Amino acid sequence: MIKKEKRTKMMISNLCSKIAQFAEVSSEQEEVFEYIVKCFVEKAVVFITILLYGYLRNDVLQVLVFYIFCMLIRKHSGGLHMNTFYKCYIGSVLLVIGMTELNNMFNIKGCFWLVFIINLICAVIVMVIGCVNNPELDLTTEELKYNKEQTRQTILIIEFIIMISYILTVKKIYIALCCEAVICCSVLLVIAKLIGQEIKE
C-alpha cells in the first residue's frame, strides 16, 4: 500500500514538473501547483468512488447531499486527519457509505427527531470548537481565527437550511443527511482533539 502511494505521488510529481517546464513557471510556483494538483486528484478519486457507489445503490442524491454538506463544514473546521492518501480515501468512502446506509435504517425506523436533536447538540459542539488546526491545515493564528468564524457561519447556514427544508416538507431522508453531516463533522473534531492531533498555537 505504501509503495503504491509513493508511485502515485511520483506520477503526479512528474506530471506537474513537465507541465511546469512547459509553462515556464518558477520552482516555488511548481511546488504550489503540485500541491493543488494532488489535492484535486485526491478529492476527485473520492468523489468518483462515492458517485459510483450511489449509482450502484440508486442513491446518488443521498450520497451527494451528505458529501456536499460534510465538505462545506470540513473545508474550514479541519478535524481528524489521516496521514496517507489511502487511509484518507478509505476513511472518506467508508464514512459516506456508512452514513447513507445508517440514514436508510433510521428512515425505516422513524428516528428523524432523534437524529435532529443529536444534530442540534453537535452543532453547538462545532460552534464552540470552531476549527481544529490539524497537520493538513497548518494554519497561522489569523488563519485559524478566520476558519473558526467561517465554520460557525457555515453551521448556522446549514441549520437554517435544515429548518427551511422541514417547513417546505422536503423528504425527511434528505434533511436527516444534512443533520448527519453536522454530527459526523462534530465527531471528527472531537476525536482530533482527544488524540492530540491539534497543532497548538
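Since we're looking at a predicted model, the values are computed, not measured.

Q: Could you clarify how one ought to interpret the side chain of Gln62 in this entry?
A: Relative to the assigned elements, Gln62 resides in helix α3 (residues 60-77). There is a polar contact of 3.5 Å between the side chain of Gln62 and the side chain of Asn103. If we ignore the near neighbours within four places in the chain, the residues touching Gln62 are Thr100, Asn103, Asn104, Ile173, Tyr174 and Leu177.

Q: Explanation requested: the packing of helix α5 (residues 112-129) against helix α7 (residues 172-194) in the structure shown.
A: Angle between the axes and distance between the axes: these two values describe a pair of packed helices. Remark: α5 packs on α7, axes separated minimally by 8 Å, with the N-to-C direction vectors making an angle of 40 degrees. By the angle between their directions, the pair α5 and α7 is classed as oblique. Judged by the sense of rotation from one axis to the other, the crossing of α5 with α7 is left-handed. Residues Phe112, Trp113, Val115, Phe116, Ile118, Asn119, Cys122, Ala123, Ile125, Val126 and Ile129 of α5 pack against Lys172, Ile175, Ala176, Cys179, Glu180, Val182, Ile183, Ser186, Leu189, Val190 and Lys193 of α7. Its residues placed into classes, the contact of α5 with α7 shows 17 nonpolar, two polar and three charged.

Q: Help me understand the nonpolar core, please; the structure alone is not making it clear to me.
A: As a rule of thumb, nonpolar side chains are buried together in soluble globular proteins. Counting residues in each nonpolar core, the largest one holds 36 residues, and the members touching the most others are Phe66, Ile162 and Val182. For this core, the elements supplying multiple residues, two or more each, are α2 (27-56), α3, α4 (85-109), α5, α6 (141-167) and α7. The element best represented in this core is α7, accounting for twelve residues. In contact with Val182, other than residues within four places in its own chain, are Ile73, Asn119, Cys122, Ala123, Val126, Ile155, Ile158 and Glu159.

Q: For this particular structure, what's the right way to read the packing of aromatic side chains?
A: Centre-to-centre distance and the angle between the planes together describe a pair of aromatic rings. Inspection of every chain in the model, using the stated rule, returns six aromatic pairs. Taken together, a centroid distance of 6.3 Å and an interplanar angle of 20 degrees make the contact between Phe112 and Phe116 stacked. Here Phe112 pairs with Phe116, and both are found in helix α5, just four residues apart, close to one helical turn. No difference in accessibility class separates Phe112 from Phe116, as the two residues are buried. When the centroid spacing of 6.1 Å and the interplanar angle of 10 degrees are considered together, the rings of Phe112 and Tyr166 count as stacked. Linking Phe112 in helix α5 with Tyr166 in helix α6, this pair joins segments that are 54 residues apart in sequence. By relative accessible area, Tyr166 is classed as partly exposed at 38%. A connected cluster of aromatic rings, assembled from ring pairs, spans Phe112, Trp113, Phe116 and Tyr166.

Q: Could you clarify how one ought to interpret the packing of α5 against α6 in this entry?
A: At a closest axis distance of 9 Å, the pairing of α5 and α6 adopts a crossing angle of 160 degrees. One finds that α5 runs roughly antiparallel with respect to α6. Relative to α6, the crossing made by α5 is left-handed. Touching Phe112, Trp113, Phe116, Asn119, Leu120, Ala123, Val126, Met127, Val128 and Ile129 of α5 are Lys148, Thr151, Arg152, Ile155, Leu156, Glu159, Ile162, Met163 and Tyr166, all from α6. The class makeup of the residues in the contact of α5 with α6 is 14 nonpolar, two polar and three charged.

Q: What is the right way to look at the layout of surface pockets in this model?
A: The gaps left among the atoms become clear once a water-sized probe is rolled over them. For the largest pocket, the calculated volume is near 1,100 Å³. What lines the largest pocket is a set of 30 residues, and nearest its centre among them are Lys43, Arg74, His81, Cys88 and Glu136. Of all the elements in the fold, those that place two or more residues in the lining of the largest pocket are α1 (2-23), α2, α3 and α4. For the lining of the largest pocket, a count of residues per class yields 15 nonpolar, seven polar and eight charged.

Q: Hey, could you run me through the environment of Val115 in this one?
A: Assignment of secondary structure puts Val115 in helix α5. Residue classification places Val115 among the buried residues on the basis of a relative accessible area of 3%. In the structure, Val115 is positioned twelve residues away from Asn103 in sequence and 9.3 Å away in space, judged by C-alpha atoms. Excluding its chain neighbours within four sequence positions, the residues that come into contact with Val115 are Phe106, Ala176, Cys179, Glu180 and Ile183.

Q: How should the environment of Ile125 be read in this particular structure?
A: In this structure, Ile125 sits in helix α5. By relative accessible area, which is 29% here, Ile125 ends up partly exposed. Remark: the alpha-carbon pair of Ile125 and Val182, spanning 57 residues in sequence, is separated by 9.8 Å.

The rules behind the values
Residues numbered from 1 in each chain as written. Predicted model: local features only at pLDDT ≥ 70, side-chain atom pairs only at ≥ 80, totals over all residues. Heavy atoms only, no water. Helix = DSSP H or I, 4+ residues; strand = E, 2+ residues; numbered from the N terminus. Polar contact = N/O pair within 3.5 Å; in protein donor to acceptor, adjacent residues only side chain to side chain. Contact = heavy atoms within 4.5 Å. Axes fitted to C-alpha atoms, helices over the stretch in contact; angles between N-to-C directions. Parallel < 35°, antiparallel > 145°, perpendicular 65-115°, else oblique. Left-handed = near helix turned anticlockwise from the far one by under 90°. Nonpolar A, V, L, I, M, F, W, Y, C, P; charged D, E, K, R; others polar. Core = buried A, V, L, I, M, F, W, Y, C linked by side-chain atoms within 4.5 Å. Buried < 20%, exposed > 50% of the residue type's maximum accessible area, 1.4 Å probe, protein only. Phe/Tyr/Trp six-rings, centres within 6.5 Å; stacked < 30°, edge-to-face > 60°. 1 Å grid on protein atoms, 1.4 Å probe; cavity = no way out; pocket = protein on both sides within 12 Å on 5 of 7 lines; lining within 4 Å. Points joined across faces, edges and corners; volume = space filled by probe spheres on them.

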